[in-house]
Amino acid sequence: MSSTGIRAEFPREGGTPPAPKTSRWHGLAIPFAFLAPALLFLSVWVIYPMLATMWRSLFSDRGDRFVGLDNYERLFTDDRLLTALKNNALWVLIIPAAVTAVGLVFAVLVERVRWSVAFKIAVFMPLAVSLFAVGVIWRIMYQQDPERGVINAGIAAVKGKFTDEGVLSSAAPSTDDLEGTPKSGFVLKQTVGPGDTALLGLTAVRVPEIPEAAEDAAQPEAVSDGIAGVVWRDFSPGGDSRPGRVDTGEVGLPGVKIELRDADGKRIDSTTAANDGTFAFEGVEAGDYRLAIANTTFVRPFGGVNWLGSSLITPSIMFSYIWVTAGFAMVIIGAGLASIPRDTLEAARTDGATEWQVFRRITVPLLAPVLTVVFVTQIIGVLKIFDLVLAVAPGSSQDDAATLAFVMWQRSFSGQNLFGLGSAISTFLLLLFIPFLIINIRRFRREAS
Amino acid sequence: MEAATAETRTAGQPVVIEEGIAPKLVRALGKAPVHLVLVLLGIFWLIPTTGLFITSILQASDQAKGGWWNFFAKPSAWTLENYRNMFDNEGITHALWVTTQVTIGATILPIMVAALAAYALAWIEFPGRDWVFLLVVGLLLVPVQMALIPIFRLYNTFSLYDTVPGLILFHTAFALPFAIFLLRNFFSGIPRDLMEAARIDGASEIRLFFKVILPLGLPAIASLAIFQVLFVWNDLLIGLVLAQANQPIAPAIASQLRQFGSNLDVLAPASFFSAVIPLLVFAMFQRYFVQGLLAGSVK
């Protein structure tokens, strides 16, 4: 894999750069005239500022005091800057590998279908959009409320298939007769048998959660061959209410799930309270039983994963980055894949190799140079990541999402004017690029010789 | 008798087809999971952008009601009002105008400057040529962060801060290493005979550059131009640091992020519209785009 995708399609003689054989001595005037504009731009806008930034990084933020390496020390001691360093490390450790892997899988899969162009366009498209717009796109995707954020809506839909929402989020027993917590459910201490009635009083119920259908609680009527009871809000605001007694003005709690358990606590049957709070288990054989308010009553509705909160913000931004760059990796790896001789693969298949063996033993090794290019490109891109952090992370979790490029901007330009620190961060960033600089120069040298 | 018919039938049947259909079916079935996986992935990849688009064509009141997917199949709720408001919003139209100017300037200028330099590095023999090219390759990876603080101060001194030329010049300088690198590699692939013939005919270097190099270098220049248009149009950091009242579109809408949620009717259409131009460029010049991208993988 050559370093560039664009090459003149002329027959080439010898290596690069082809020095004219009958080289005339042009003097320095002509080449200088051609090079002058470029050298001017590079000197004023790149080389001078680069040196100035390095120099500036040794001075205080206001630039009036020489501080040596103090700014670099801040970089490794300030908590927020350490977070940025840690995040950058995470980005470098995770993203290049992830993007290369995703790109490889996509490239291999898409090669097998006829409509590969449509798929490639869909995956490639985000690359044309600015990372900032991508950030806005994902900010919408990641919204916490399942009514607004698609991702949480998807999770809620899947969850809803398996779990029923409870009617209440929390409550407490009104008397000592019941024990337990909303998480475990409440169990009536007293055992019950056919013909008994039970009073399951609850307090600390949130008023908005009381179902609209709720009616005044009714005294349960005993059933001869069954167990009856009432579950109600054992409290009425301003009314005359005593714990453990169904008083006027107190309402039943419809929808609360009641379980009938045997003496060992094993569930035998379950039912749901009616609008006046009453319930009954009929046809119960003689014996001792226990009644319980099932903990499923208190299953909270799915409130959405807080993707943009401080703990998940970095993985969330990373995911949106993979969404953008997968197309890049897919196309480059796809180009490499197309250049693998079919014969080699066919020969292996004829010899009885499975698809996995062909992939593992032939495709991947042959693709190694292309995979390296993608991997290295991603490291370089990831070290500079800025736009997505600014666009996806809300103010409250910005510090948790920060990267070096982001803190450099934040400390120097978002009103803080910490130019000494900003210069040190930039210089540190440049240092991180030096290995790749050396690789580039070596490659050029190799091509030149 | 019956057995005989059956036998003849079997014998008469084109066995080849029977054997052909079965493996085909097996292969198609074997591929079904691949198709399914790719369809699902393709849809997943389209959802986010679709979400932004649908959000952008909903009234603020509808946006507040719930997720955009509720309106996906409800064209009656769609409206271009947000876009109309956006074009009435002077801040945004001004930002779009600035972006256009900066993009055009910062695409043409670096290509011209780089083409001149690349020609000299590829075809004019002079002492220290390799060192100059080495310098260019070395500067390829210098992050823009290295220049922001000194240039910010320099621009304030020379009144280039918050101006379109200021942004163009900065973009130009940082586009040069890559542009020179790319064009020089391309130019040096031009056949030597062609160049020698022109030189023997007495063509000057300038003439050679305009009559031979530029026309032959057009494919590389096109890829570079596409790459640069997208890079400049989509830039956030440089516009954010070096401009304030004359910010390009991305930095201009970045300030809207603070009230994210309450101003989706402004943020969504502006973001989507800012993405439309690059998407059009992508759609029209897909081939060059991919080439430019492949080439840009060294940047």
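Since this is a predicted model, take the numbers as computed values, not measurements. (Residues numbered from 1 in each chain as written. Chains lettered and ligands numbered in written order. Predicted model: local features only at pLDDT ≥ 70, side-chain atom pairs only at ≥ 80, totals over all residues.)

### Structural notes on the overall build of chain A
Across its full length, chain A holds 13 helices and nine strands. Compactness check: chain A gives a C-alpha radius of gyration of 35 Å against a globular reference of 22 Å for 449 residues, more than 25% above the reference. The dimensions of chain A, computed from C-alpha atoms along their principal axes, are 115 × 75 × 35 Å. When contacts within chain A are restricted to residue pairs at least 6 apart in sequence, long-range pairs at least 24 apart make up 72% of them. (Helix = DSSP H or I, 4+ residues; strand = E, 2+ residues; numbered from the N terminus. Rg over C-alpha atoms; globule rule 2.2 N^0.38 Å. Contact = placed C-beta atoms within 7 Å.)

### A short note on the overall build of chain B
From N to C terminus, chain B includes 15 helices and zero strands. Within chain B, buried positions represent 48% of all 299 residues. Sequence-distant contacts, at least 24 apart, represent 75% of the contacts inside chain B between residues at least 6 apart. (Buried ≥ 20, exposed ≤ 12 C-beta atoms within 10 Å, placed from the backbone.)

### Looking at the sheet that holds strand β9 (residues 289-293) of chain A
Residues and elements named next belong to chain A. In spatial order, the strands read β2-β3-β9-β6-β7; together these five strands make up an open sheet with antiparallel pairing. The sheet is open, and its two edges are formed by β2 (178-181) and β7 (267-272), each paired on a single side. The sheet shows a mean angle of 25° between the axes of neighbouring strands, direction not considered. (Pairing = 2+ DSSP bridges. Axes fitted to C-alpha atoms, helices over the stretch in contact; angles between N-to-C directions.)

### A look at the interface of chain B and chain A
One frequently used descriptor of interface size is the decrease in accessible area upon assembly of the parts. Counting from both sides, the interface comprises 88 residues of chain B and, opposite them, 92 residues of chain A. Sort the elements by how many residues they give to the side of chain B that touches chain A and helix α2 (residues 15-56) of chain B lands first, with 14 residues. Taken together, the residues of the side of chain B that touches chain A break down into 62 nonpolar, 19 polar and seven charged. (Nonpolar A, V, L, I, M, F, W, Y, C, P; charged D, E, K, R; others polar.)

### Points about the sheet that holds strand β5 (residues 227-233) of chain A
All names here are of chain A. Strand order across the open sheet formed by four strands is β1-β4-β5-β8, with mixed pairing between neighbours. Each end of this open sheet is capped by a strand with a single partner; those strands are β1 (172-173) and β8 (278-281). Pairing of β5 with β8, which is carried by four bridges, proceeds in the antiparallel orientation. Across the sheet, glycine 229 pairs through a bridge with phenylalanine 279, a residue of β8.

### A closer look at unusual backbone geometry
One non-glycine residue, Ala204(A), lies in the positive phi region at around 55°. Along the chain, Ala204(A) falls in the loop between β4 (197-203) and β5. On the neighbour-count criterion, Ala204(A) (13 C-beta atoms within 10 Å) is partly exposed. Positive phi values are uncommon outside glycine, yet Asp162(B) reaches one of about 65°. You can see Asp162(B) is positioned in the loop between α7 (145-157) and α8 (164-187).

### Remarks on the confidence of the model for chain B
Residue and element names in this part refer to chain B. Summarising the model, chain B shows a mean pLDDT of 86, and 89% of its residues fall at 70 or more. For the stretch residues 1-17, pLDDT sits under 50, and the model shows one contact to residues farther than four places along the chain or on other chains. The complex model carries a pTM of 0.80, and its ipTM stands at 0.85. (pLDDT = per-residue confidence, 0-100.)

### Here's the deal with the pairing of β4(A)
Residues and elements named next belong to chain A. Of all seven residues that make up β4, five are buried, and the element is covered over most of its length. Here β1 runs beside β4; their pairing, made up of two bridges, is antiparallel. Pairing of alanine 172 across the sheet is with threonine 203, part of β4. Where β4 lies against β5, six bridges are found, and the strand directions are parallel. Pairing of threonine 197 across the sheet is with alanine 228, part of β5.

### Looking at the environment of Ala122(A)
Residue and element names in this part refer to chain A. Relative to the helices and strands, alanine 122 resides in helix α4 (residues 116-124). Judged by the 18 C-beta atoms lying within 10 Å of it, alanine 122 falls in the partly exposed class. Alanine 122 sits 164 residues away from alanine 286 along the chain, and the two C-alpha atoms are 67 Å apart.

### A few points about the environment of Phe187(B)
Its location among the elements puts Phe187(B) in helix α8. Spatially, the C-alpha atom of Phe187(B) lies 8.9 Å from that of Ala220(B), the residues being 33 residues apart in sequence.

### Details of the nonpolar core
As a rule of thumb, soluble globular proteins bury nonpolar side chains together. The biggest cluster of nonpolar side chains holds 174 residues, and the ones touching the most others in it are Val389(A), Ala114(B), Ala117(B), Tyr119(B), Ile180(B) and Leu183(B). Take this core: its biggest share by element is 18 residues, from helix α5 (residues 90-123) of chain B. Not counting chain neighbours up to four residues away, the residues in contact with Leu183(B) comprise Ala114(B), Ala115(B), Ala118(B), Gly217(B), Ala220(B) and Leu224(B). (Core = buried A, V, L, I, M, F, W, Y, C linked by C-beta atoms within 7 Å.)

### Quick word on the confidence of the model for chain A
When pLDDT drops low, the exact placement of atoms in the prediction is not to be read closely. Residue-level pLDDT values for chain A average 86, and 93% of them are 70 or greater. Residue range residues 11-24 of chain A is modelled with pLDDT below 50. Its contacts to residues more than four positions away, or to other chains, number 19 contacts.

### Some thoughts on the environment of Ala268(B)
Residue and element names in this part refer to chain B. Within the fold, alanine 268 resides in helix α14 (residues 264-284). Note on alanine 268: 26 C-beta atoms within 10 Å, which makes it buried. C-alpha separation for the pair alanine 268 and alanine 175, spaced 93 residues apart in sequence, amounts to 30 Å.

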